[in-house]
Amino acid sequence: MPDGASKLALLGGPKAVTRPERDMFTWPIVTKEDEQAVLKVLRERIMSGIEETKAFEREYAAWQGVKHALGFSTGTASLHAAMFGCKVGVGDEIICPSLTFWASCLQAFSLGATIVFAEVDPLTLCLDPNDIEKRITPRTKAIMVVHYCGYPADMDPIMAIARKHNIKVIEDVSHVHGALYKGRRTGAIGDVAGYSMMSGKSLAIGEAGMLTTNDTEIFERALAFGHYERYKAEDILTEALKPFAGLPLGGYKYRMHQMSAAVGRVQLKYYDARMAEIQKAMNLFWDLLEGVPGIQAHRPPKDSGSTMGGWYAARGLYQPEALEGLSLARFAEAVRAEGAICQPGCNTPLHTHPLLNTCDVYGHGKPTRLANADRDLRQGPGSLPVTERVVGRVYGIPWFKHYRPNYIRQQANAYKKVARHYRELLPGDTAKSAEGISYHLSQWSR
Ligand SMILES: *Cc1c(COP(=O)(O)O)cnc(C)c1O
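So, how was this worked out
- Residues numbered from 1 in each chain as written.
- Predicted model: local features only at pLDDT ≥ 70, side-chain atom pairs only at ≥ 80, totals over all residues.
- Heavy atoms only, no water.
- Pairing = 2+ DSSP bridges.
- Helix = DSSP H or I, 4+ residues; strand = E, 2+ residues; numbered from the N terminus.
- Axes fitted to C-alpha atoms, helices over the stretch in contact; angles between N-to-C directions.
- Contact = heavy atoms within 4.5 Å.
- 1 Å grid on protein atoms, 1.4 Å probe; cavity = no way out; pocket = protein on both sides within 12 Å on 5 of 7 lines; lining within 4 Å.
- Points joined across faces, edges and corners; volume = space filled by probe spheres on them.
- Nonpolar A, V, L, I, M, F, W, Y, C, P; charged D, E, K, R; others polar.
- Near = heavy atom within 4 Å.
- Polar contact = N/O pair within 3.5 Å; in protein donor to acceptor, adjacent residues only side chain to side chain.
- Areas by Shrake-Rupley, 256 points an atom, 1.4 Å probe, with all protein chains shown as cover.
- Expected span 1.5 Å × (residues − 1).
- Buried < 20%, exposed > 50% of the residue type's maximum accessible area, 1.4 Å probe, protein only.
- Arc of directions from axis to C-beta.
- Parallel < 35°, antiparallel > 145°, perpendicular 65-115°, else oblique.
- Left-handed = near helix turned anticlockwise from the far one by under 90°.

1. Things to note about the sheet that holds strand S9 (residues 209–213)
Pairing in this open sheet of seven strands is mixed, and the strands run S1-S9-S8-S5-S4-S2-S3 from one edge to the other. With partners counted over all chains shown, the strands left at the sheet margins are strand S1 (68–72) and strand S3 (114–118), one partner each. Recorded for the sheet is a direction-independent mean angle of 25 degrees between the axes of neighbouring strands. Strand direction decides the pairing type here: strand S2 (residues 93–97) and S3, joined by five bridges, are parallel. Bridge pairing links Glu-93 to Thr-114 in S3. The strands that helix H5 (residues 216–226) touches are S1, strand S8 (192–196) and S9; relative to S1, the one it contacts most, it runs at about 20 degrees.

In structure tokens, the structure reads:
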């Protein structure tokens, strides 16, 4: 079928995607080797041990090119410990994008700290470096950088701002394992990084997280926070931590389940090759759609040295202006009718939720956001216009796990066809605009 030649499927024409290929999206890839690794842990009854996890940490640190890696039960836990590692405490503020999963920041509340949201850049969907500095106060302790949906955030200006104001940078690498920012590894640029490895992520090993850092004090604080059995005075260099060894400072038990560690060791071995295939497939999809009106790739420029890692929850950007205001909902409906994948939305911005505005979680007698704050720093609906606008302009695209050009071409043709025939969709377009889908991104992983 020539691109866009025939009638839209939504209006009774033939579909652009003629054959389903479900295993294009199956993730993670599980082989006998993963199964054997799990069985070994089970048979040796070392599910709660630490040796397998320590081996995984060594391999992860080497792969990531950092000094320390510390395994966690979840990505949420790794970021909690990263905050504690950076001495985020009572009355402190962290700057974070509102467009992210809640586990980038909500842990701050349990440390007595609070959250200040900054805008994202509408093209990268990551923190806008130009919106950070005006939000810094003497209480700002850290910037939480989220590399959102595969896109490496613009780290150079962010690091410059952080160094100028003497604040830490924590990278949330949950969406970009292995991605490069100008040739450097995401997660190895800031002071410390946390990574989710739950089953929906691009490095998917079960329920697990990882923390990496080159800073030994941050590493030891993170260890002291939630790894009681590894927190030993004789193993710790940080003097201030020595007297309290033996009990976890956070009161948390955060070690990784060793079945996940075992799967992680296998998955990591093959990750670079699998990631390379994903990159080839996803880049082909966007290359095919280059210049099509109304749709734009969410990926760094080709000559930037930056990459999208495993393209977690890959998104596209929508420009209704180019299609006479056709709503994203209507556009996506037509693409789906072609047999292709197009899911409007992304995370609902956190600042709009009552937990960030009214909820008194711990009984301070005031909203937790303000529990130890020196001013009313709440940011209600309308306070982050770029972020609020951008969520209505993004959509999930097919997250290909294999390089199969014919099938990828069919998916791209569906988008092209709808963009070419968009006028036919205007009369039936009743949707005003799309919204964030929910506070968590759901993925089709099977
Ligand atoms: C998934 C995710 C986390 C939390 O990880 P878990 O392993 O689910 O606890 C943190 N930040 C972001 C951006 C995420 O997408």
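2. Overview of empty space enclosed by the protein
What the rule picks out here adds up to one cavity of 30 Å³ or more. Considered as a void within the structure, the largest cavity measures approximately 30 Å³ in volume. In terms of lining, the largest cavity is formed by Gly-49, Ile-50, Thr-53, Gly-71, His-227, Arg-230, Arg-255 and Met-256. Across the lining of the largest cavity, the residue classes tally to two nonpolar, four polar and two charged.

3. Focus: the site of the ligand
Close to the ligand lie 15 residues; Thr-76, Asp-172, His-175, Ser-196 and Lys-201 are nearest. A distance of 2.8 Å separates an oxygen atom of the ligand from a polar atom in the backbone of Gly-75. Between the ligand and Ser-196, the relevant distance is 2.6 Å, taken from an oxygen atom to a side-chain nitrogen or oxygen of the residue. In isolation the ligand offers 380 Å² of accessible surface; the protein chains occlude 92% of this area. Considering every element that reaches the shell around the ligand, the biggest residue donor is helix H3 (residues 75–85), with three residues.

4. A closer look at helix H1 (residues 32–43)
One turn of the α-helix equals 3.6 residues, which is why residues spaced by three or four share an orientation. The first and last C-alpha atoms of H1 sit 16 Å apart over 12 residues, in line with the 16 Å expected at 1.5 Å per residue. Within H1, burial applies to Asp-34, Ala-37 and Val-41. One side of H1 holds all its buried residues, which, seen down the axis, span an arc of 65 degrees. In H1, those exposed residues whose orientation departs by more than 90 degrees from the buried face are Lys-32 and Arg-43. For H1, the elements touching its buried residues are helix H2 (51–64) and helix H6 (258–288). Looking one or two residues past H1, Arg-45 carries a phi angle of roughly 55 degrees, positive in sign.

5. Quick look at the packing of H1 against H6
Put simply, H1 and H6 touch, their axes get as near as 8 Å, and they point 155 degrees apart. Classed by the angle they form, the pair H1 and H6 counts as roughly antiparallel. The two elements H1 and H6 cross, and the hand of that crossing is right-handed. Taking contact as the criterion, the partners of Glu-33, Asp-34, Ala-37, Val-38, Val-41 and Leu-42 in H1 are, on H6, Gln-258, Met-259, Ala-262, Val-263, Val-266, Gln-267, Lys-269 and Tyr-270. Here the contact of H1 with H6 is composed, by residue class, of nine nonpolar, two polar and three charged.

6. A few points about the sheet that holds strand S13 (residues 394–396)
Pairing is antiparallel across the open sheet formed by four strands, whose spatial order is S10-S11-S13-S12. Every interior strand has two partners, whereas the edge strands, strand S10 (295–297) and strand S12 (343–344), have only one. As paired elements, strand S11 (residues 315–318) and S13 share three bridges and run antiparallel to each other. Paired with Arg-315 across the two strands is Gly-396, which belongs to S13.

Any link to function would need more than the numbers given here.
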